[in-house]
Amino acid sequence: LQLFKHGLAYKAKMDINFCPSCKVGLANEEVVGGECERCHTPVVRRAKEQWMLEITKYAQRLLDDLDEVDFAPRIKAQQRNWIGRSEGATIRFPILDTEETLDVYTTRPDTIYGATYMVIAPEHPLIETYASRIRNMDALMAYRTEAKNKSDFERTELVKDKTGVRIEGINAWNPISEKELPIFISDYVMMEYGSGAIMAVPAHDQRDYEFAKNFDLPIYEVVSGGDISTEAWTGDGAIVGSPLIDGLSVPEAIEKMTGILEERGLGEKKVQYKLRDWVFSRQRYWGEPIPIVNCPTCGHVPLDESELPLCLPEVDSYEPTDDGSSPLAAMEDWVHTTCPSCGAAAERETDTMPQWAGSSWYFLRYLDPHNDEELASREAIETWMPVDWYNGGMEHTTLHLLYSRFWHKFLYDIGVVNTPEPYQKRSSHGFILGKGNIKMSKSRGNVINPDEVIEEVGADALRSYEMFIGDFEKAVSWSNEGLAGTKRFLDRLWFAFERVDMNKRGYSPELEVQIHRTIKKVGEDYEALKANTAIAAMMALLNEYYLQDSIGRDEYEVLLRLLNPVAPHITEELNELLGNPPITEGKWPAYDPDKTVEDVIEVPVQVNGKVRFRMDVPRGAQESQIDALLEEEDAYHRQLEGKRLIKRIYIQDKLISLVVK
Ligand SMILES: [Zn+2]
Ligand SMILES: [Zn+2]
């Protein structure tokens, strides 16, 4: 309702993506590869009245504020791509023998001399406007009907052969090259994007190129550097064949041509976004009902806030209807109401909100879950917000993230929350895949059931293995051998207890440096979500312990503390056997920075007899440290790509030699 009251929610007749199987409208984001994200039925287009949220008003802020937050680079990139800001120009092409112009948006005004024809979307109203002059109306209408049944994805991505129909009877004029341009309709141009019309520059746009080849249209090179007899040239180069801007670079030409267009009143500079307004209506039962009453005289009237929340009616059947309207529409008792404004008979809005509505702000409720006066108290918001760190799957780093950021900015603008961004830090974990890098799924029968793994090796071994399995952000595949290795590490930790000398306190001189370094590394790695390299360092330390005659009590204890976040059960148990109070009630181990500095030397690493790279190794490093050091070396992983390590030889301070196959 606040969005409505602030003019950010409006109703519009939209061509929407409709899933004939789920019988609901889908947001563009819910259409994947032309199919319904949920049931994979090909999506069709239908015109429907929809509630829309004007997220586009926030496009620039959603972009700018990415500089203020600590999101993983790939997450920021996704946000930027989705918002899709581009700078370019609007250009007005006169339609010959009329007073009107055909307006296009282009990021490449520098290529205007190369514009040899124009294309408009099949739905473009120009066709109606000039119906009396158009000689091939039937062909245009037939094409329009065909296009209507295709999804956006099919129209823009799938089609290899560009199709279209020339509009016979009207032509446009290129005001810069002073040439007459034919106008086509084609489904690769969308009404919703830009103005629904483009200037086609076949020499420098691959889609235009394919279209021009199909229709035998002139292809005129205006940026040098490519070979336009084989394909469009989209790279940089000096401008050619363009008297007003010849010889300039692309950026210079863009600027100069935009200036010329502005001077002559033919166009102006423009910033455009790919981001569309957010289709906020769903025709299904499960969703928050939109608290609006449609009154024949007053129009859309918000419910009084005292009547919120508006609850769903309790019903036996909430199947979607065949005509695509909301199941709520069939519930007459619920639908019929009176207008909050004039009191006349009126009907409730029957569309519901998408699942994104709740996910855009649920975390705010955690701050103050029992507050029935407001979303959360100001005090709670001041104390807790923003969310320090939000980790979640990559499937939620585009839309959920964008929507909740938009929502939060709006709440910020109306004074409900205290920060313009909801999340300070956003990271994302990779998938754990089945054997052979295949996604786990029930149908493939390759799902690893954690309950069974726990039954077999224990919860700590499972946890440790999951933390050790690989780079947190990347997809990795499950390996039973890897699991066994991690289990072995925990077993060794367990049996090391027998070697603990309870009277030996402090760190021994032989181990001191490595212990301080390990404390430092493990702490830093945990924070950086690199539990895998932290565990490798702890494994190396344990190996070192085994090389000693006995393990000091403090030496053992510090390792238990470091490993505790990963393997809490076994470390607490062993810690108790040492006679200590619980680890979780104690402090994180401290290290002495002076003692972490080691004398480092560069050691050549041979692969199959040839030196492939060099690696920094602490002077006098033990055999047991080398694996962990290699593990962190990018060059090592490159050498091993697609190969297997057969043998590793280490000559202290001198050489590492690997045999791979
Ligand atoms: Zn579906
Ligand atoms: Zn009314």
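What counts and how
Residues numbered from 1 in each chain as written. Chains lettered and ligands numbered in written order. Predicted model: local features only at pLDDT ≥ 70, side-chain atom pairs only at ≥ 80, totals over all residues. Heavy atoms only, no water. Donors = N, O, S within 2.8 Å, 3.2 Å for Na, K, Ca; no water. Tetrahedral: all angles 85-135°; square planar, octahedral: opposite > 155°, others 65-115°. Helix = DSSP H or I, 4+ residues; strand = E, 2+ residues; numbered from the N terminus. Buried < 20%, exposed > 50% of the residue type's maximum accessible area, 1.4 Å probe, protein only. Pairing = 2+ DSSP bridges. Domains from an automatic or database assignment. Contact = heavy atoms within 4.5 Å. Buried area = accessible area lost by both parts, 1.4 Å probe. Salt bridge = Lys/Arg side-chain N within 4 Å of Asp/Glu carboxyl O. Polar contact = N/O pair within 3.5 Å; in protein donor to acceptor, adjacent residues only side chain to side chain. Nonpolar A, V, L, I, M, F, W, Y, C, P; charged D, E, K, R; others polar. Core = buried A, V, L, I, M, F, W, Y, C linked by side-chain atoms within 4.5 Å. Patch = residues over 30% accessible without salt bridge, like charges linked within 9 Å, V, L, I, M, F, W, Y side chains within 5 Å. Areas by Shrake-Rupley, 256 points an atom, 1.4 Å probe, with all protein chains shown as cover.

### Quick notes on the coordination of the zinc ion (ligand 2)
For the zinc ion (ligand 2), the full set of protein donor atoms is Cys 295 (SG), Cys 298 (SG), Cys 339 (SG) and Cys 342 (SG), and the range of their distances to it is 2.2 to 2.4 Å. Around the zinc ion (ligand 2), the four donor atoms sit at angles spanning 107 to 113 degrees, and that spread fits a shape best called tetrahedral. Donor residues binding the zinc ion (ligand 2) come from one chain and are separated in sequence as C-x2-C-x40-C-x2-C. Of this pair, Cys 295 sits in strand β15 (residues 292–295) while Cys 342 is found in the loop between β17 (336–338) and β18 (345–348), placing the two residues 47 residues apart along the sequence. Given a relative accessible area of 39%, Cys 342 falls into the partly exposed group.

### Quick notes on the sheet that holds strand β20 (residues 425–427)
One open sheet holds the three strands; their spatial order is β6-β20-β19, and the pairing between them is parallel. On the outer flanks of this sheet lie β6 (70–71) and β19 (390–391), each paired with one strand and no other. As paired strands, β19 and β20 are joined by two bridges and run parallel to one another. In the sheet register, Tyr 390 faces β20, and the bridge partner there is Arg 426.

### Considering the domain arrangement of the chain
Once the domains are mapped, the chain shows domain 1 (86–272), domain 2 (432–596) and domain 3 (600–660). Domain 2 and domain 3 are separated by 23 Å when their C-alpha centres are compared. The partner domain 3 presents five residues to the eight residues of domain 2 that form the contact. Taking both sides of the interface into account, the surface hidden between domain 2 and domain 3 amounts to around 590 Å²; carbon and sulfur atoms contribute 59%. Taken together, the links from domain 2 to domain 3 amount to one salt bridge. Close ionic contact of Glu 632 with Lys 521 constitutes a salt bridge, the shortest N to O distance being 3.0 Å. Run the count over domain 2 and domain 3 and you get one residue pair in polar contact (both at pLDDT 80 or more). Taken together, the elements giving at least two residues each to the side of domain 2 that touches domain 3 come down to α17 (509–527) and α18 (531–546). Ranked by residue count, the leading element in the side of domain 2 that touches domain 3 is α18, at five residues. Class assignment for the residues of the side of domain 2 that touches domain 3 results in three nonpolar, three polar and two charged.

### Digging into the nonpolar core
Core analysis: the largest hydrophobic core is formed by 42 residues, its most contacted members being Leu 3, Leu 53, Ile 55, Trp 278, Phe 406 and Trp 407. Residue assignment for this core shows that the elements contributing at least two residues are β5 (44–53), α2 (59–64), α3 (73–83), α10 (356–359), α11 (362–366), α12 (378–384) and α13 (399–413). Ranked by residue count, the leading element in this core is α13, at eight residues. With near-sequence residues (within four places) excluded, Ile 55 lies in contact with Leu 62, Leu 275, Arg 276, Asp 277, Trp 278, Leu 402, Tyr 403 and Phe 406. Within the second largest apolar cluster, 41 residues are counted, among which are Tyr 526, Met 539, Leu 542 and Val 558.

### Some remarks on the coordination of the zinc ion (ligand 1)
Around a metal, the perfect tetrahedron of four donors has angles of 109.5 degrees, and the perfect octahedron of six donors has angles of 90 or 180 degrees. Coordination sphere of the zinc ion (ligand 1), protein contribution only: Cys 19 (SG), Cys 22 (SG), Cys 36 (SG) and Cys 39 (SG), at 2.2 to 2.3 Å. Seen from the zinc ion (ligand 1), its four donor atoms lie at angles of 102 to 115 degrees, and the figure they make is tetrahedral. When the donor residues of the zinc ion (ligand 1) are listed from N- to C-terminus, their spacing reads C-x2-C-x13-C-x2-C. Within this pair, whereas Cys 22 is found in the loop between β1 (9–19) and β2 (24–26), its partner Cys 36 is found in strand β4 (residues 35–36), the two being separated by 14 residues in sequence. Of the two residues, Cys 22 and Cys 36, both sit in the buried class.

### Quick look at the pattern of salt bridges
Summed over the entire model, instances satisfying the criterion amount to 25 salt bridges. The closest approach of N and O atoms between Glu 305 and Lys 5, which form a salt bridge, is 2.7 Å. Of this pair, Glu 305 sits in the loop between β16 (299–302) and α9 (332–335) while Lys 5 sits in helix α1 (residues 2–5), placing them 300 residues apart in sequence. With a relative accessible area of 44%, Glu 305 lands in the partly exposed category. For Lys 5, a relative accessible area of 43% corresponds to the partly exposed category. Measuring nitrogen to oxygen at the nearest pair gives 2.8 Å for the salt bridge that ties Asp 525 to Lys 521. Of this pair, Asp 525 and Lys 521 both sit in helix α17, four residues apart, which is roughly one turn of that helix.

### Some points on the side chain of Lys 409
Along the chain, Lys 409 turns up in helix α13. By relative accessible area, Lys 409 is classed as buried at 0%. Within polar-contact distance, the side chain of Lys 409 engages the backbone oxygen of Pro 420 at 3.2 Å.

### Topic: a nonpolar patch on the surface
Judged by side-chain polarity, Trp 494, Phe 495 and Leu 577 come together as a nonpolar surface patch covering roughly 300 Å² of accessible area. In this fold, Leu 577 is placed in helix α20 (residues 568–577). Leu 577 gets classed as partly exposed once you look at its relative accessible area, which sits at 44%.

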